[in-house]
Amino acid sequence: MTFAVTTKGVYPIAATPFREDFSIDEAGIDRLTDFYQEAGATGMTILGIMGEAHKLEPEEARAIARRVIARSRVPVVVGVSSP
C-alpha cells in the first residue's frame, strides 16, 4: 500500500495549554486550535518531543490528539516520539 502525502504552507508547533493546577485546559486547546486556523495555518503540529508531551500520561495525549483532530479543518501532525 502506498500513500502520497503532500504538505505545504505553515504548520505551527502548538503548545498544550494547562491550568494553574497543571490539569489540561480543554477550552484553551480549542482556542489555540481556532486561533491557528483563523491565522491561516495550513496544518498543525501537536505533542512534539521538545515540549510537554513526554510529561503527559498516554491517555491524556490521546485525548488531546482526538480533541484537536476533531476540531481542526486542517491536517494535524501528532508527535509520537514520546517514551
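Quick note: structure is the one above.
Residues numbered from 1 in each chain as written. Predicted model: local features only at pLDDT ≥ 70, side-chain atom pairs only at ≥ 80, totals over all residues. Heavy atoms only, no water.

**Here's the deal with the overall build of the protein chain**
On a plain count of helices and strands, the protein chain comes out with two helices and two strands. For the protein chain, the α and β elements follow one another from N to C terminus as α-β-α-β. For 83 residues, the compact-globule estimate of 2.2 N^0.38 gives 12 Å, and the protein chain sits close to it at 13 Å. Projected onto its principal axes, the C-alpha coordinates of the protein chain cover approximately 40 × 30 × 20 Å. A buried classification covers 33% of the 83 residues belonging to the protein chain. Within the protein chain, contacts between residues at least 6 apart in sequence are counted, and of these 69% link residues at least 24 apart. Surface accessibility of the protein chain: about 5,900 Å² in total, with carbon and sulfur atoms responsible for 59%. The distance from the centre of the 9 positive side-chain charges to the centre of the 11 negative ones in the protein chain is 7 Å. (Helix = DSSP H or I, 4+ residues; strand = E, 2+ residues; numbered from the N terminus. Rg over C-alpha atoms; globule rule 2.2 N^0.38 Å. Buried < 20%, exposed > 50% of the residue type's maximum accessible area, 1.4 Å probe, protein only. Contact = heavy atoms within 4.5 Å. Areas by Shrake-Rupley, 256 points an atom, 1.4 Å probe, with all protein chains shown as cover. Lys, Arg positive; Asp, Glu negative; His and termini not counted. Charge placed at Lys NZ, Arg CZ, Asp CG, Glu CD.)

**Considerations on the environment of A15**
Position of A15 relative to the elements: it lies in the segment before helix 1 (26-38). Counting along the chain gives 38 residues from A15 to A53, while the straight-line C-alpha distance between them is 9.1 Å. When residues no more than four places from it in sequence are discounted, the contact partners of A15 are L32 and E52.

**Side note on the packing of helix 1 against helix 2 (residues 58-71)**
Put simply, helix 1 and helix 2 touch, their axes get as near as 10 Å, and they point 40 degrees apart. Between helix 1 and helix 2, the interaxial angle falls into the category oblique. Two packed elements cross with a definite hand, and for helix 1 against helix 2 that hand is right-handed. Facing helix 1, whose interface residues are E26, I29, D30, T33, D34 and Q37, helix 2 presents I64, R67, V68 and R71. Its residues placed into classes, the contact of helix 1 with helix 2 shows three nonpolar, two polar and five charged. (Axes fitted to C-alpha atoms, helices over the stretch in contact; angles between N-to-C directions. Parallel < 35°, antiparallel > 145°, perpendicular 65-115°, else oblique. Left-handed = near helix turned anticlockwise from the far one by under 90°. Nonpolar A, V, L, I, M, F, W, Y, C, P; charged D, E, K, R; others polar.)

**Considerations on the nonpolar core**
Judged by nonpolar contacts, the single largest core of 15 residues is most densely connected at M44, I46, L47, L56, I64 and V68. Looking at this core, the element that brings in the most residues is helix 2, giving four residues. (Core = buried A, V, L, I, M, F, W, Y, C linked by side-chain atoms within 4.5 Å.)

**Some points on the pattern of salt bridges**
Inspection of the entire model under this criterion finds six salt bridges. For the salt bridge of R62 with E59, the shortest nitrogen-to-oxygen distance reads 3.8 Å. Note that R62 and E59 are positioned in helix 2 at a spacing of three residues, about one turn of the helix. The partly exposed category is assigned to R62, whose relative accessible area is 46%. Here the residues in one salt-bridge network are D30, D34, R67 and R71, joined through shared partners. (Salt bridge = Lys/Arg side-chain N within 4 Å of Asp/Glu carboxyl O.)

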